[in-house]
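Secondary and tertiary structure notes
Residues per chain are reported as follows:
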Amino acid sequence: MKMWQHLKTIMHHKNLVRAGCFKVGLYRQGIMHDWSKYSPVEFLVGCKYYQGNMSPNNAERKDKGYSSAWLHHKGRNKHHMEYWIDYSVNKDEGICGMKMPVNYVVEMFIDRVSASKNYQKEAYTDRSPLEYYENGKNIHILHPDTKELLEKLLYMLAEEGEEKTYDYIRREVLHNKNSERREEKKC
């Protein structure tokens, strides 16, 4: 029973992310999102610790003191801020967040929206992803540019809604990124 429920949760989440990514033009990322969740190290742990209202990784972490599924997942999925944590080239800074490519910041944003919808169900509002982010903001290790864009999108969603935010991402955020690529190729 838990296996079926966990599989349905993963598939629903992936469908939400795919729809969001398609709205902004990130078709490949929409299709490829979270494929590692089907690997045994992630899927079997998810089945064992499934609760339905939060990530099974939290329950595994509570039980073991760490989450093997999360360690596997965040190391294989570039849309997670934790994937981009590394040692700074400045030895005095230690570990810090590297600047994430814009398309992965957008996927991270869509992932947060989708996870909030998936777990909160009818209680979800456009403020939910921002509130979840704010709850853990003081422990995030993010590059300042990555943090600025993520927060801008979360606040825009909370204040202006999903349609305007996704339109802004498609027209401004990703369009500007593609324009920059075309300029780089000209040089």
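Okay, so let's go over this structure. From a predicted model like this one, the values you see are computed outputs, not experimental measurements. (Residues numbered from 1 in each chain as written. Predicted model: local features only at pLDDT ≥ 70, side-chain atom pairs only at ≥ 80, totals over all residues. Heavy atoms only, no water.)

1. Side note on the overall build of the protein
What counts here: Helix numbering and strand numbering both begin at the N terminus, where a helix is a DSSP run of H or I of at least 4 residues and a strand a DSSP run of E of at least 2. Both definitions apply: the radius of gyration is a C-alpha atom measure, and the globule rule equals 2.2 Å times residues to the power 0.38. Only heavy atoms matter for contacts: two residues are in contact if any of them lie within 4.5 Å across the pair. All accessibility values rest on the Shrake-Rupley procedure with a 1.4 Å probe; residue burial counts only the protein chains present in the view.
Looking only at helices and strands, one finds nine helices and two strands in the protein. If you list the helices and strands of the protein from N to C, you get α-α-α-α-α-β-β-α-α-α-α. For a compact globule of 187 residues, the expected C-alpha radius of gyration is about 16 Å, and the protein comes in at 17 Å, within 12% of that figure. Look at the contacts in the protein between residues 6 or more apart in sequence, and 58% of them connect residues 24 or more apart. As displayed, the protein has an accessible area near 11100 Å², and 54% of this comes from carbon and sulfur atoms.

2. A look at the environment of E163
For clarity, the threshold we go by: Think of it in three bands: residues with accessible area under 20% of the maximum for their type are buried, residues over 50% are exposed, and the middle band is partly exposed, with areas taken using a 1.4 Å probe on protein chains only.
Mapped onto the fold, E163 is located in helix α9 (residues 162-186). Among the residues examined, E163 registers a relative accessible area of 73% and is labelled exposed. For E163 and K23, which are 140 residues apart along the polypeptide, the C-alpha to C-alpha distance reads 9.3 Å.

3. Points about the packing of helix α6 (residues 102-120) against helix α7 (residues 128-136)
As a reminder of what qualifies: Only the stretch in contact is used when a helix axis is fitted, and all axes are lines through C-alpha atoms; the angle between N-to-C directions ranges over 0 to 180 degrees. Roughly parallel covers angles under 35 degrees, roughly antiparallel covers those over 145, roughly perpendicular covers 65 to 115, and oblique covers all other angles. Lys, Arg, Asp and Glu make up the charged group, whereas Ala, Val, Leu, Ile, Met, Phe, Trp, Tyr, Cys and Pro make up the nonpolar group; the residues left over, Gly among them, are polar.
In the contact formed by α6 and α7, the axes pass within 9 Å of each other and the chain directions differ by 100°. Taken together, the axes of α6 and α7 lie roughly perpendicular to each other. Together, R112, V113, S116 and Q120 of α6 and S128, P129, Y132 and Y133 of α7 make up the contact between the two elements. Classifying every residue of the contact of α6 with α7 gives four nonpolar, three polar and one charged.

4. Considering the nonpolar core
Quick note on the threshold: Here the nonpolar core consists of buried residues drawn from Ala, Val, Leu, Ile, Met, Phe, Trp, Tyr and Cys, with membership extended through side-chain atoms lying within 4.5 Å.
Counting 30 residues, the largest nonpolar core has V24, V106, F109, I110, L150 and I169 as its most contacted members. Broken down by secondary-structure element, the contributors of at least two residues to this core are α1 (2-24), α6, α7, α8 (144-160) and α9. Beyond its immediate chain neighbours, meaning those up to four positions away, I110 contacts V17, G20, C21, V24 and Y166.

5. A look at the pattern of salt bridges
We apply this condition: In what follows, salt bridge is the name for a side-chain nitrogen of Lys or Arg lying within 4 Å of a carboxyl oxygen of Asp or Glu.
All chains considered together, the criterion is met by 10 salt bridges. Linking K64 and E60 is a salt bridge whose minimum nitrogen-to-oxygen distance equals 3.2 Å. With K64 and E60 both in helix α4 (residues 56-64), this residue pair falls four residues apart, about one helical turn. The class for K64 is partly exposed, based on a relative accessible area of 41%. A single network of salt bridges, built from pairs that share partners, joins D167, R170, R171 and E172.

6. Regarding the environment of K152
For the record, the criterion: N or O atoms closer than or at 3.5 Å make up a polar contact, with two conditions inside protein: a donor-capable atom paired with an acceptor-capable one, and, for residues adjacent in sequence, both atoms drawn from side chains.
One can find K152 in helix α8. Of the polar contacts made by the side chain of K152, one reaches the side chain of Y168; its length is 3.0 Å.

7. Topic: unusual backbone geometry
Of note in the backbone geometry, D34 takes a positive phi value of approximately 60° without being a glycine. With respect to the helices and strands, D34 occurs in the loop between α2 (27-32) and α3 (40-48). Taking the relative accessible area as the measure of exposure, D34 reaches 1% and is therefore buried. If you check the backbone angles, K121 has positive phi at about 50° while not being a glycine. By the secondary structure assignment, K121 is in the loop between α6 and α7.

8. Digging into the environment of K117
Inspection of the secondary structure assignment puts K117 in helix α6. Given the relative accessible area of 24%, K117 is considered partly exposed. Along the sequence, K117 and V106 sit 11 residues apart, while their C-alpha atoms lie 17 Å from each other. Sequence-distant contacts of K117, that is, excluding residues within four places in its chain, are made with L16, Y124 and E162.

9. Quick look at the packing of aromatic side chains
Here is the rule we go by: Between rings of Phe, Tyr and Trp, where Trp is taken as its six-membered ring, a pair exists when centres lie within 6.5 Å; planes separated by under 30 degrees are stacked, by over 60 edge-to-face, and by other angles tilted.
Throughout the structure, instances matching the rule amount to four aromatic pairs. Ring geometry for W84 and Y104: centres 6.3 Å apart, planes at 40°, overall tilted. Of the two residues, W84 sits in the loop between α5 (68-74) and β1 (85-87) while Y104 sits in helix α6, which places them 20 residues apart along the sequence. We note that W84, like Y104, is buried. Joined through ring pairs, the aromatic side chains of Y83, W84 and Y104 make up one cluster.

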